[in-house]
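Close look at the chain arrangement
Here is how the chains run, residue by residue.
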Amino acid sequence: MKEKRKTVVSPSILAADFSRLREEVRAVEAGGAEWLHLDVMDGAFVPNISFGAPVIRALRPHTGIFFDAHLMIREPIRYLSDFVSAGCDLITVHAEACSNVKATLEAIRAAGKYAGLSVKPGTPVEGIFGLLPLLHTVLVMTVEPGFSGQKFMPEMVEKIRVLDRERQRRSLSYLIEVDGGVFSGNADLLREAGADVFVAGNAVYGKEDKAAAIAALKG
Ligand code: DX5
Ligand code: ZN
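The model shown is predicted, which means the values in this text are computed figures rather than measured ones. (Residues numbered from 1 in each chain as written. Chains lettered and ligands numbered in written order. Predicted model: local features only at pLDDT ≥ 70, side-chain atom pairs only at ≥ 80, totals over all residues. Heavy atoms only, no water.)

1. As for helix α6 (residues 184–193)
Buried residues of α6: Asn186, Ala187, Leu190, Arg191 and Ala193, and no others. Relative to the axis of α6, the buried residues are bounded by an arc of 150° and lie together on one face. For α6, the exposed residues lying more than 90 degrees away from the buried face are Gly185 and Asp188. Against the buried residues of α6 lie α5 (157–169), β7 (175–179), β8 (197–200) and α8 (210–218). Immediately downstream of α6, the backbone of Gly194 shows phi near 125°, a positive value. (Buried < 20%, exposed > 50% of the residue type's maximum accessible area, 1.4 Å probe, protein only. Helix = DSSP H or I, 4+ residues; strand = E, 2+ residues; numbered from the N terminus. Arc of directions from axis to C-beta. Contact = heavy atoms within 4.5 Å.)

Laid out in structure tokens, this is it:
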């Protein structure tokens, strides 16, 4: 029987009220979230612009929560030092956005940060198998990246299963993070498939009671 792992919840401030970000971050921290998901978008890799390193840097002194940065930007290697000095703990880049994915991951690790790699829905996970030993997390997108509040793509669950089997087979220890349309109604399915970290925009920031919303995701 598979042991039951603890689910980490990473609320995405993309769905928060940007005019009161400090309070919005503190609310999820007080509500039991271990991580905070920071969706950085450049308007080129994805069809939306969100915020960048200066906003992350401004939040850093106000919270002790683990900063989980999801960089949806082209050639993120150009800006890594900004995200490192801004206080990110985990830096996740997209396989599709880097001309040299390995060098980008190595640069994150060399800076002393946790390294994550994400794949868009159309990118097979088998394509990143060679990089798995370098990774602390794999972020499986279950919507097309760009916006909060989209509908979960159930056909992506198989990727989580494949990644879970692969880490067992090779005795690797990366965490599997799932991002897009996660809510209490699919949390058990995702957990059963092997996901460890749930990103949640709407499912947490769309709710008045953050602690209850986070608890519902943890099951
Ligand atoms: C989408 C982002 C997600 C988004 C999730 O590009 O990567 O992190 O904020 O929002 P929900 O949970 O509302 O789908
Ligand atoms: Zn994200």
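2. Focus on the sheet that holds strand β6 (residues 137–141)
Taken in spatial order, the eight strands of this open sheet run β1-β8-β7-β6-β5-β4-β3-β2, and their pairing is parallel. Either end of the sheet is taken by a strand with one partner, and the two such strands are β1 (8–11) and β2 (35–41). The average undirected angle you get between the axes of adjacent strands in this sheet is 25°. Two elements, strand β4 (residues 90–94) and strand β5 (residues 114–119), share five bridges in a ladder whose sense is parallel. Residue pairing in the sheet places Thr92 in a bridge with Gly116 of β5. (Pairing = 2+ DSSP bridges. Axes fitted to C-alpha atoms, helices over the stretch in contact; angles between N-to-C directions.)

3. Focus: the site of ligand 1
Around ligand 1 there are 20 residues in total, and Asp39, Gly146, Asp179, Gly181 and Gly201 lie nearest to it. Between ligand 1 and Gly201 there is a distance of 2.8 Å, counted from an oxygen atom to a backbone nitrogen or oxygen. Considering ligand 1 on its own, with 380 Å² of exposed area, one finds that the protein chains cover 99% of that surface. Secondary structure elements with two or more residues in the shell around ligand 1: β2, β3 (66–72) and β8. Per-element accounting of the shell around ligand 1 gives the leading share, three residues, to β2. Considered class by class, the residues forming the shell around ligand 1 number eight nonpolar, 10 polar and two charged. (Near = heavy atom within 4 Å. Polar contact = N/O pair within 3.5 Å; in protein donor to acceptor, adjacent residues only side chain to side chain. Areas by Shrake-Rupley, 256 points an atom, 1.4 Å probe, with all protein chains shown as cover. Nonpolar A, V, L, I, M, F, W, Y, C, P; charged D, E, K, R; others polar.)

4. Points about the packing of α5 against α6
Running from amino to carboxyl end, α5 crosses α6 at an angle of 30°, the nearest separation of the two axes being 8 Å. One way to sum up the angle between α5 and α6 is to call them roughly parallel. Across the interface between the two elements, Val157, Ile160, Arg161 and Asp164 of α5 pack against Leu189, Leu190, Glu192 and Ala193 of α6. For the contact of α5 with α6, the class distribution of residues is five nonpolar, no polar and three charged. (Parallel < 35°, antiparallel > 145°, perpendicular 65-115°, else oblique.)

5. Some remarks on unusual backbone geometry
Working note: non-glycine residues mostly have negative phi, and peptide bonds are mostly trans. Even without being a glycine, Glu75 presents a positive backbone phi close to 45°. Within the secondary structure, Glu75 sits in the loop between β3 and α3 (80–86). In this structure Glu75 comes out as partly exposed when scored by relative accessible area, which is 26%. Residues other than glycine seldom take positive phi values, yet Ser171 does so here, at roughly 50°. Turning to its location among the elements, Ser171 is positioned in the loop between α5 and β7.

6. Things to note about the coordination of the zinc ion (ligand 2)
Distances from the zinc ion (ligand 2) to its protein donors, namely His37 (NE2), Asp39 (OD), His70 (ND1) and Asp179 (OD), fall within the range 2.1 to 2.3 Å. Classification of the site at the zinc ion (ligand 2) rests on its six donor atoms, whose angles at the metal span 71 to 171°, yielding the label octahedral. Each donor residue of the zinc ion (ligand 2) lies on one chain, and together they are spaced H-x1-D-x30-H-x108-D. Here the residue His70 occupies a position in strand β3, and Asp179 occupies one in strand β7, the gap between them amounting to 109 residues. (Donors = N, O, S within 2.8 Å, 3.2 Å for Na, K, Ca; no water. Tetrahedral: all angles 85-135°; square planar, octahedral: opposite > 155°, others 65-115°.)

None of this, on its own, says anything about what the molecule does.
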